[in-house]
Structure formats: structure tokens, C-alpha cells
Amino acid sequence: MEGHLVMSRKERERLKVFARVKRQELTLKEAAELTGLSYRQCRRVYKRHQQEGDRGLVHRSRGRPSNRGHDPTLKSQVLTRYREQYPDFGPTLAAEKLKADGYEVDHETLRRWLLQAGLWQRRRKRGKHRSWRQRRAHFGELVQLDGSHHEWFEKRADRCCLMRLIDDATNKREGHFAEEETIFAAMKVLWQWIDCYGIPRALYTDKKNVYVVDQKTRERAADSGQEVRTHFGKACKKLGIEIITAHSPEAKGRVERSHGLDQDRLVKELRLAGLSTIAAANDFLVSGYSAQINEKFAVSARAKANYHRSAKGYELASIFCIEEERSLTADWIVRFENQFYQLQPARKNQPPRGKILVQRYLDGSLHFRYQERELSHTRLPERPQPPAKVRKRKRQSETIMDKYVPPADHPWRNFRF
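As the structure is a computational prediction, the values presented were derived from the model and not from experiment.

### Notes on helix α11 (residues 278–297)
Note: α-helices contain 3.6 residues per turn, so residues at a spacing of three or four share the same orientation.
Part 1 of the argument: For α11, built from 20 residues, the straight-helix expectation of 28 Å at 1.5 Å per residue is missed by more than 12%, its first-to-last C-alpha distance being only 24 Å.
Part 2 of the argument: Val286 marks where α11 bends most, by close to 55 degrees.
Part 3 of the argument: Within the span of α11, buried status applies to Ala281, Asn282, Phe284, Leu285, Tyr289, Ser290, Ile293 and Asn294.
Part 4 of the argument: Lining the buried residues of α11 we find β2 (160–167), β3 (173–178) and α10 (253–273).

Written out as C-alpha cells, the structure reads:
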């Protein structure tokens, strides 16, 4: 509109400086230093200001379409494709999917288009945490472990849990879907990590009884001089893995933020793939999603040394299991999970001594170890009956003396009050 002039803050500051130059309070060299321009550019801008007035300070490209702008047809096609296929996708993920569909648009450009069309809203940024912990320097020095309960399949299936492991130094991650955050689920995802990278030095977890026992149990065990661990803790001890517990979710913020990433991206990827079962989702993670996420978000560690150890020499199947001690009967029968099993000793007529170790593997199989040897077993259909007691025949003299029957004319039989 005639009579109105729109100027940026930088242009208004230049106007003030050139006014001082005009009053001879500053030289052009000093004005160039104040405005951040070179001396030659400052001379050109000041000359244009003298010729055109305040309008000479306004950028000449203001109000004109950008030379690098996209074709309006492309913008319309992109927004149409977004409405049809990716209506709830964020600009970054949507830009990746649109590129795969043949529409290459920068995510910030797409964000601006979506805001203009009312298809996206600005997200509130959270305040920074009060303290910041530097990443560990070595890959495998500390790995964070946590489970995320979420509607991973939306309404196509029930809620389930994603067990997530993420390295503190590099952001490399592995995941495994399970129905709940259980000991078996934690063992499976840790076994998966060991197969990929090796045995880490330490795990960073919360204080759930899946990973560590509660404080009261530890105190009672300490009073009696014993050490108590969960089945997961026993497996980590055998592998030489230290378990460090966090006192707050913010302490293990790396894995918590990873949950937010998965709840945005992974849910949409499962929807696009049409998956609705835990087994299919685990195959999806292994077949390419984990590698894709690691390639996009992993960083280099500050130190080159890898703190993972080789798992060679470890029988992981017998380590990642539920194991308990049970007593043996004289005929080599043991009771476990309210079932009875007949064991075959290593030597014939070998008397049982001590207790036997019962192990339930992750695949559901049952194993019995006696003195570090695995024994074959047979499940009994019912509870075994104890053997009948054999009575000893008494001698005739003992029988007579044991039982005395008084005669009919005995005085106590005829007693009257």
C-alpha cells in the first residue's frame, strides 16, 4: 500500500546508523563495522539510501517469489498425497515417505506447507532438564534397557510391550516385542544384542523386580549374609554384566526418548506394512527397521575402543533361563511347577545326594542338572504313591503278651455302683 513501508529489524538498525553518518557523527568505515557490512557494500547501501530514501534500505527481493521456489503443481500434489496416505505423520517422517513415492521435498519446506494448509500444528518444546550427563565414551560401556507399553498395533490388536536396548555412546539400538515386560522378554532382547554386538559391560535399568529385587528383600538377605538376585540378575552375573539402576526416568532419558521416536515412527510403519501380530512385528524389526533407524540416528563414539566382549565359550541357552533348586526323593523323583518327573541317574543304583538344579529355557524346554550333568527325565502322569509299609510278623509269645483279653467273670466286669 502506498505510504507504508515494511522494514526488518536489521534494516531499521541500518537506518539509525546511516542517520548518524548523515549527521557526521560516524564515518562510513565505522558504520560498516556497526552494520556488519564490508566497506564497499556499506558505501553502495548508503548511496542508495541517499537516492531513494528509506525505501533504498529495503531488500529488493521482498515480496517477490523465490527463484528456488517449488512449482505450485508439485505443492498441490504433495499436500494431496499427504492427506490421502500420511495424515498424522510428522513433517520429517512424511518427507521421507514422500521421497520414496517420488515427491522430493525438504522436511522444513513440507512443515511450512502443512502449517499454511492447517494440516500440522507447532509442537510445544519441553524445557531442558536441570542437569546433563555426558555420553559414555566407548561403545558397549553402558547400554540402557527399558520396556514401552503402547498401542503398537493401534486397534488391530491388543496392547503389547516393546523391549528396547540402546547404547549410551552411539545410540545404536535393538528391540523385541513381547506381551509384557517379563524376565523372558528382557533375556530375549539382551540375547539378541549379544548376537549382534557382544556382551556389554553394564546395563542401565529401572528398579522393577524384573531386573533387581526390592530394597526390603536385599536388606533381609544382607542380615542373613545371603545375596539375592532375580533370574535376569543371575544371568547377567554369569556373563559379567553390571546392572546399574536409575532413580528416575530422566536419568535414563536416552531410552525414554527412544520410546517417543518408536511410538511415532514404528506405529506408522507397522500400519503401512499391515502387521498386527507380535511375531510379524519382530520379523519386521530384524528384517530392516532396526538397521534403518541405526543408520539414521546412530552417532560415533568419542573413543574407538569397543567395550563389548565375545560370547564365545558361553552356553547362552543355559544362562538365559529360569533356574531353581529342588529336592530329590530316594527313587529319583522331583517335583517342579506342580508336576512330577522321574529322572534317570548317570550310574545304576546311584543314591541321590543333595539337590538338583531345574532349568526352564526360553524355548519352554525343561532341563535337570545334577552335579553339573544333565539327566534325562520322564514326566509322570500323576502323583507317585508312596510304597506300602511291610509289617513284620510277630512271634507268638509277643502276640500273646501284646494283647490281653480279660475273662467274662473278671471282677471289673461285674462292678456296680
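### With respect to the pattern of salt bridges
Part 1 of the argument: Applying the stated criterion across every chain, the model contains 27 salt bridges.
Part 2 of the argument: The partner of Glu25 in a salt bridge is Arg23, with the nearest N and O atoms 3.0 Å apart.
Part 3 of the argument: Residue Arg23 is classed as exposed on the basis of its relative accessible area of 52%.
Part 4 of the argument: Arg265 is the salt-bridge partner of Glu96, the closest N and O atoms lying 2.8 Å from each other. Here Glu96, found in helix α5 (residues 91–100), pairs with Arg265, found in helix α10; they are 169 residues apart in sequence, far enough to count as distant.
Part 5 of the argument: For Glu96, a relative accessible area of 24% translates into the label partly exposed.
Part 6 of the argument: One network of salt bridges, with partners in common, ties together Asp88, Glu154, Arg156 and Arg271.

### What to know about the pairing of β3
Consecutive side chains of a regular strand alternate in pointing toward one face of the sheet and then the other.
Part 1 of the argument: With 6 of its 6 residues buried, β3 lies for the most part within the structure.
Part 2 of the argument: The sheet contact formed by β2 and β3 spans 6 bridges and is antiparallel. Counterpart to Ile166 in the pairing with β3 is Arg173.
Part 3 of the argument: The antiparallel pairing of β2 with β3 creates a hairpin that spans 5 residues between the two strands, and Asn171 there sits at a positive phi of about 70 degrees.

### A look at the packing of helix α1 (residues 9–22) against helix α3 (residues 39–52)
Part 1 of the argument: At their nearest, the axes of α1 and α3 sit 11 Å apart, and the two run at 80 degrees to each other. It follows from the interaxial angle that α1 and α3 lie roughly perpendicular. When α1 is examined against α3, the residues Leu15, Phe18, Val21 and Lys22 are found in contact with a partner set consisting of Cys42, Val45, Tyr46 and His49.
Part 2 of the argument: Residues of the contact of α1 with α3, tallied by class, amount to 6 nonpolar, 1 polar and 1 charged.

How each quantity is defined
Residues numbered from 1 in each chain as written. Predicted model: local features only at pLDDT ≥ 70, side-chain atom pairs only at ≥ 80, totals over all residues. Heavy atoms only, no water. Helix = DSSP H or I, 4+ residues; strand = E, 2+ residues; numbered from the N terminus. Expected span 1.5 Å × (residues − 1). Bend = angle between axes of the 7 residues up to and from the residue. Buried < 20%, exposed > 50% of the residue type's maximum accessible area, 1.4 Å probe, protein only. Contact = heavy atoms within 4.5 Å. Salt bridge = Lys/Arg side-chain N within 4 Å of Asp/Glu carboxyl O. Pairing = 2+ DSSP bridges. Axes fitted to C-alpha atoms, helices over the stretch in contact; angles between N-to-C directions. Parallel < 35°, antiparallel > 145°, perpendicular 65-115°, else oblique. Nonpolar A, V, L, I, M, F, W, Y, C, P; charged D, E, K, R; others polar.

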